[in-house]
Amino acid sequence: MGRYVARRLLQMIPVFIGTTLLIFLMVYTLPGDPVRGLFGDKGADPATLAAMRHQLGLDQPILVQYWDYMKGILFHFDFGNQIASGRPVTDVLGDAFPVTLELAGIAFVIEIVLGVGLGMIAGLRAGKLTDNIVLIVTLLIISMPVFVIGFLIKSVFAFQLGWIEPNVSNNATLGELFTPGIVLGSLSLAYVARLTRTTMAENLRADYMRTAIAKGLPKRRIVGVHLMRNSLIPVVTFLGTDLGALMGGAVVTEGLFNVKGIGGTIFDSIVRREGTTLVGLVTILVLVYLVMSLIVDLLYAVLDPRIRYA
Amino acid sequence: MRGAKSAKWVAGAAIIALAATACGGNDDDSAKSGGSAKGAVDPNGIFSIEVGEPQNPLQPANTMESNGSIVTDAIFSQLVDYDPTGKLEMVNAESVDTTDSKLWTVKLKAGWKFHDGTPVTAESYVKAWNWAANITNAQTNASWFSDIKGYADVHPDGDGAKPKADAMSGLKVVDDTTFTIELNSALPYFSYKLGYTVFSPLPESFYADPKAAGEKPVGNGAYKFVSWDHKKQIKVVRNDDYKGPDKAKNGGVIFKNYTTLETAYEDLKSGNVDVLRQLAPKDLPVYKADLGDRAVDQAYSAIQTLGVAFYSPTFKGVDPKVIQGLSMAIDRNTITKTVLQGTREPATGWVAKGVLGYQDNVAGDVTTYNPTKAKALIKEGGGVPGNKVFIQFNADGGHKEWVEAVCNSIKQATGVECVGDSKTDFQADLNARDAKEVKSFYRSGWVLDYPVNANFISDLFKTGAAGNQGGFSNPALDKEIKAADSAASLDESVKAYQQIEKELVNYMPTIPLWYYKVNAGYSEKVQNVQYAQDGDPILTGVEVKK
């Protein structure tokens, strides 16, 4: 187990270097220059352009820039400064990450509670009316784009009924983040529900289930321990990678509800060719993915003792 | 307030061709009256306004885009400002005098203080300008000082060149409240330039740590900086010691950051933000019905044009008649009414409205839709090579719809094939312009920097001017611009530029399309919300109701 974890952690290093380098090169090859972009239609004076580029180290070859940047991250935990504002990228990340983490967390909890719950209900009553209702509802959610769902929720609950504020204020309290959390989590919720339903319906027919019932075990134990534990493996796999996706994919939801999180920052950084900010953001997202997939893999052993790690 | 609005245009000037729904509500221009119901006013009331996160630190010489300049302009006052008709008025200056338009003497009003309590002196100006012009400080707006004698010493041209001096020789402090500016050559409208943010004074504390000062600016303006919660809001409060003519009628301003214009409009309707600068295309058909007399629909001094790439295969050595013809093939009236939903007004010249020297209908026939004449002119001029033109635009700015409409108009009127050449975003668009890769036309625009017609001519059409990205060059015109710049008085200079604008028809350096309008609104909490020539609300005039 310990060796497995160590090996996995070591594997993260090349993945980390590879992804950051890729992002760096991708931003670099995009047409458009972040410094020139500051001047817009008014045109730029070449001497100032050159001076600014020099100060930012943008006149260096790309690999030298990458090396300098990674050196800063690895040895000083310094993600560099934003080109336009001159703010340290760590500050930018520090502003944006907590909000998105909160939002993703809310979405994640909703997704687990509602998704697994609905999936269980449907799975246990496979083929019955409840099952069909859940299937239809989840199909609806899956087929609707996020901004449609968001727009619908907003226009019904904020504008027609007036129950909620349409947008998240600057404080971004938990209560305010609840609505965008539902919207963000809705798509994955539908997937989780369907995944849970299918595996449960399948496992219900498994031999060990028949045995458990024949042994005369109480129903709670049959469903809770025997059925759930076995059915959750694919769901946990999905949930693990989904947290990363929730954080990175919040662009639309955040824009819709005026949440100042990672989504908007990523978008801004691409538009403004802010390579350093982008790499910083993606680095952390990559780390989230890597850690989550490690946790998922370790959870397998908990759920199914037959799985062992050498 | 008078900044390059490129960033705003990218983010905001998105106009999508929705079906032209009839707008309900009343259409009269409420901006002038500032709303009908005048309530009791709370002089200390604080209101909020939608503003994006400034791109740059809040240093006056480094702030070019609109999100930053509206804040720096609240915190810093300059020597002069303009009234809505474009007339110069003194702010921090007692007087700005010259006899030969070359040597200017500035006298400051006594008793002005920075927000940290230190006095505003002649030195505060001279030192700030020298710092901003110095190449080692790499300020985006440095080129504004290029008129001043000795600029080349502090801001040499070559790549990586070091400054030869610390200060411009043209700036001299006479005493605490007087300094002189000597220019390289006469410039009758130089005093108008002095209203631009870049000419702000800086307190002594700035130089200790310019970067920190950009995060927490100390100015001399009508508002004092309080806090900047990045990506969320910036707060300023009224400066009670302010001596300028534009003392704030409110207690302060909160510049709120929104992710999209749509969310800002929703918050306006639910009372969470008070003033907007712009609306999203989605809300344009309904905003007048929603807001009633709080809806703003007002012209401001900006123009959109089709830039002509004179180096391109299409237009290299072109007869201006061809461009005239193409211009006449554009049905501006219909496009502004339908595709642009009345948010623009057909342009009839190169200088925008509200600017000193604006002339109505100066381009004459050339901006009127006339397919027969258009075809004839193009034929006379030798036709368009390949019988095909391209219009380059940035796909992230919402320009696609009108570009297509313009193209259709050209195609139908003249039979010349016209295709939109879409670049992924503004950065890529600029890249192609700088690399001289534009195939024929490119989308271009200009918001005033100072309300004199020279700003729309000299800064755009002079050979080698920074705003002249199409490579237009005409020695005869350059000569006339030079003559207009060295005219004996402002009036004569403006007149000379008016004459030049009349002649532009013969050269067609760009095709004028339409003037911009402010389409915005404000909440029930505020009144007397007016918008200046640059399209930004006049913050100091806003009154918060009790």
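Residues numbered from 1 in each chain as written. Chains lettered and ligands numbered in written order. Predicted model: local features only at pLDDT ≥ 70, side-chain atom pairs only at ≥ 80, totals over all residues. Heavy atoms only, no water.

Colleague: Would you explain unusual backbone geometry in this entry?
Modeller: Most peptide bonds take the trans form, and the phi angle of most residues other than glycine is negative. For Arg 273 of chain A, which is not a glycine, the phi torsion comes out positive at approximately 55 degrees. Tracing the chain through its elements places Arg 273 of chain A in the loop between helix H12 (262–271) and helix H13 (275–303). One non-glycine residue with positive phi stands out, namely Asn 528 of chain B, at about 55 degrees. By the element assignment, Asn 528 of chain B lies in the loop between strand S17 (526–527) and strand S18 (543–544). Exposure remark for Asn 528 of chain B: the relative accessible area of 14% places this residue in the buried category. (Helix = DSSP H or I, 4+ residues; strand = E, 2+ residues; numbered from the N terminus. Buried < 20%, exposed > 50% of the residue type's maximum accessible area, 1.4 Å probe, protein only.)

Colleague: Would you take a moment to explain the pairing of strand S10 (residues 252–256) of chain B for this structure?
Modeller: A regular strand carries its side chains on alternate faces of the sheet. Residue and element names in this part refer to chain B. For S10, the buried fraction is high: 5 of the 5 residues fall into the buried class. Side chains Gly 252, Ile 254 and Lys 256 of S10 all project onto a buried face; the interleaved residues Val 253 and Phe 255 project onto the opposite face, where all are buried too. Across 5 bridges, the pairing between strand S1 (residues 46–50) and S10 is parallel. By the bridge assignment, Ser 48 is partnered in S10 with Ile 254. (Pairing = 2+ DSSP bridges.)

Colleague: Any chance you could explain the sheet that holds strand S7 (residues 178–182) of chain B here in plain terms?
Modeller: Pairing between the strands of a sheet is mediated by backbone hydrogen bonds and can be parallel or antiparallel. Residue and element names in this part refer to chain B. Spatially, S4-S5-S7-S6 is the arrangement adopted by the 4 strands of the open sheet, whose pairing is antiparallel. Since the sheet does not close on itself, it has two edges, and those belong to strand S4 (93–98) and strand S6 (171–175), each with one partner. Averaged over all adjacent pairs, the angle separating strand axes in this sheet is 20 degrees, with direction ignored. Looking at chain direction, S6 and S7 are connected through 4 bridges and run antiparallel. Bridge pairing in S7 places Asp 175 opposite Thr 178. (Axes fitted to C-alpha atoms, helices over the stretch in contact; angles between N-to-C directions.)

Colleague: Is there a simple way to explain the environment of Leu 152 of chain A in this structure?
Modeller: Residue and element names in this part refer to chain A. Tracing the chain through its elements places Leu 152 in helix H7 (residues 146–160). Here Leu 152 falls in the partly exposed class, since its relative accessible area comes to 42%. Residues Leu 152 and Leu 174, 22 residues apart in the sequence, show an inter-C-alpha distance of 21 Å.

Colleague: Help me out: how do you make sense of the sheet that holds strand S16 (residues 510–521) of chain B in this one?
Modeller: Residue and element names in this part refer to chain B. Sheet architecture is open: 6 strands sit in the order S12-S16-S11-S15-S13-S14, paired in mixed fashion. Looking at the sheet topology across the chains shown, the edges are occupied by strand S12 (344–346) and strand S14 (417–423). Taken over all neighbouring pairs, the strand axes of this sheet differ in orientation by 35 degrees on average, direction set aside. Across the sheet, helix H11 (residues 320–328) touches strand S11 (295–308), strand S13 (388–394), strand S15 (441–447) and S16, and the angle it forms with S16 is around 35 degrees. (Contact = heavy atoms within 4.5 Å.)

Colleague: Help me understand H12 of chain A, please; the structure alone is not making it clear to me.
Modeller: Each full turn of the α-helix corresponds to 3.6 residues, which orients residues three or four apart in the same direction. Residues and elements named next belong to chain A. Along H12, the residues classified as buried are Ile 262, Gly 263, Thr 265, Ile 266 and Ser 269. Where H12 is buried, its residues meet helix H5 (89–124), helix H10 (219–248), helix H11 (251–257) and H13. Trailing H12 by a residue or two, Arg 273 shows a phi angle of about 55 degrees, which is positive.

Colleague: Where do I start with the environment of Ile 23 of chain A in this structure?
Modeller: Relative to the helices and strands, Ile 23 of chain A is located in helix H1 (residues 2–29). The contact partners of Ile 23 of chain A, leaving out residues within four places of it in the chain, are Leu 278, Val 279 and Val 282 of chain A.

Colleague: Just to check I follow, could you spell out the packing of aromatic side chains for this structure?
Modeller: The geometry of an aromatic ring pair is captured by two quantities: the separation of the ring centres and the angle between the planes. A full pass over the atoms with the stated rule returns 28 aromatic pairs over all chains. An angle of 55 degrees between the planes, with centres 5.8 Å apart, marks the rings of Trp 104 of chain B and Phe 190 of chain B as tilted. Linking Trp 104 of chain B in strand S5 (residues 103–108) with Phe 190 of chain B in helix H6 (residues 190–193), this pair joins segments that are 86 residues apart in sequence. Between Phe 461 of chain B and Phe 472 of chain B, the aromatic rings sit 6.3 Å apart at their centres with planes inclined by 80 degrees, giving edge-to-face as the arrangement. Residue Phe 461 of chain B is found in helix H16 (residues 454–461), and its partner Phe 472 of chain B is found in the loop between H16 and helix H17 (475–485); the two are separated by 11 residues along the sequence. For the pair shown, Phe 461 of chain B and Phe 472 of chain B are each scored as buried. Across from the ring centre of Phe 257 of chain A, 5.3 Å away, lies the NZ or CZ of Lys 154 of chain A, which sits over that ring. (Phe/Tyr/Trp six-rings, centres within 6.5 Å; stacked < 30°, edge-to-face > 60°. Lys NZ or Arg CZ within 6 Å of the ring centre and 35° of its normal.)

Colleague: Is there a simple way to think about the state of the cysteines in this case?
Modeller: Linking two cysteines covalently through their sulfur atoms gives a disulfide. Residues and elements named next belong to chain B. One pass over the full model with this rule turns up 1 disulfide over all chains. Paired through a disulfide, Cys 407 and Cys 418 show a sulfur-sulfur distance of 2.1 Å. Its S-S torsion of approximately -60 degrees makes the covalent link between Cys 407 and Cys 418 left-handed. Highlighted residues: Cys 407 in helix H14 (residues 400–414) and Cys 418 in strand S14, separated in sequence by 11 residues. Assigned by exposure class, Cys 407 and Cys 418 land together as buried. (Disulfide = S-S within 2.5 Å.)

Colleague: How should I be thinking about the confidence of the model for chain B in this particular structure?
Modeller: Where the model shows low pLDDT, its predicted coordinates should not be examined in detail. All names here are of chain B. Summary statistics for chain B give a mean pLDDT of 88 and a share of 93% for residues scoring 70 or more. In the model, residues 1–36 has pLDDT below 50 throughout and makes 120 contacts with residues more than four positions away in sequence or in other chains. Across the assembled chains, the prediction reports ipTM 0.80 with pTM 0.85. (pLDDT = per-residue confidence, 0-100.)

Colleague: What am I meant to see in the nonpolar core here?
Modeller: Nonpolar side chains tend toward joint burial in soluble globular proteins. Residue and element names in this part refer to chain B. If you look at the biggest cluster of nonpolar residues, it comprises 142 residues, and the most contacted ones within it are Trp 129 and Phe 255. Top element by residues in this core is helix H4 (residues 122–133). It accounts for 8 residues. If sequence neighbours within four positions are ignored, Phe 255 has contacts with Ile 49, Val 51, Ile 70, Val 71, Ala 74, Lys 232, Gln 233, Ile 234, Val 236 and Leu 539. (Core = buried A, V, L, I, M, F, W, Y, C linked by side-chain atoms within 4.5 Å.)

Colleague: Sorry, what's going on with the interface of chain B and chain A here?
Modeller: How big an interface is tends to be expressed through the accessible area that disappears when the partners come together. If you look at the interface, chain B gives 57 residues, while chain A gives 46 residues. A combined buried area of about 4,100 Å² lies between chain B and chain A, and 49% of that area is made up of carbon and sulfur atoms. Together, Gln 55, Lys 231 and Gln 427 of chain B form the three largest contributors to the area buried by chain B at its contact with chain A, with a combined 17%. On inspection of chain B and its partner chain A, the count reaches 4 salt bridges. The interface formed by chain B and chain A includes 17 residue pairs in polar contact (both at pLDDT 80 or more). Looking at the side of chain B that touches chain A, the elements with two or more residues in it are helix H1 (6–12), helix H8 (210–215), helix H9 (261–269), helix H15 (426–434) and S15 of chain B. With 7 residues, the single largest contributor to the side of chain B that touches chain A is H15 of chain B. Of the residues in the side of chain B that touches chain A, the class split is 16 nonpolar, 24 polar and 17 charged. (Buried area = accessible area lost by both parts, 1.4 Å probe. Salt bridge = Lys/Arg side-chain N within 4 Å of Asp/Glu carboxyl O. Polar contact = N/O pair within 3.5 Å; in protein donor to acceptor, adjacent residues only side chain to side chain. Nonpolar A, V, L, I, M, F, W, Y, C, P; charged D, E, K, R; others polar.)

Colleague: I would appreciate a short explanation of the side chain of Thr 199 of chain A in the present structure.
Modeller: Residue and element names in this part refer to chain A. With respect to the helices and strands, Thr 199 occurs in helix H8 (residues 174–203). Note on Thr 199: relative accessible area 16%, which makes it buried. One polar contact links the side chain of Thr 199 to the main-chain carbonyl oxygen of Ser 231, over a distance of 3.3 Å. Discounting chain neighbours no more than four positions away, the residues touching Thr 199 are Ser 231 and Pro 234.

Colleague: It is not clear to me how the environment of Val 318 of chain B should be interpreted in this structure. Could you clarify?
Modeller: All names here are of chain B. Mapping Val 318 onto the fold places it in the loop between S11 and H11. C-alpha separation for the pair Val 318 and Gly 160, spaced 158 residues apart in sequence, amounts to 38 Å. Other than its neighbours up to four places away in sequence, Val 318 contacts Phe 310 and Ile 323.

Colleague: What's the story with the pairing of S11 of chain B in this structure? I'm lost.
Modeller: All names here are of chain B. Burial of S11 is extensive: 13 of the 14 residues sit out of reach of the surface. Where S11 lies against S16, 10 bridges are found, and the strand directions are antiparallel. Considered in S16, the bridge of Thr 305 is made with Pro 512.

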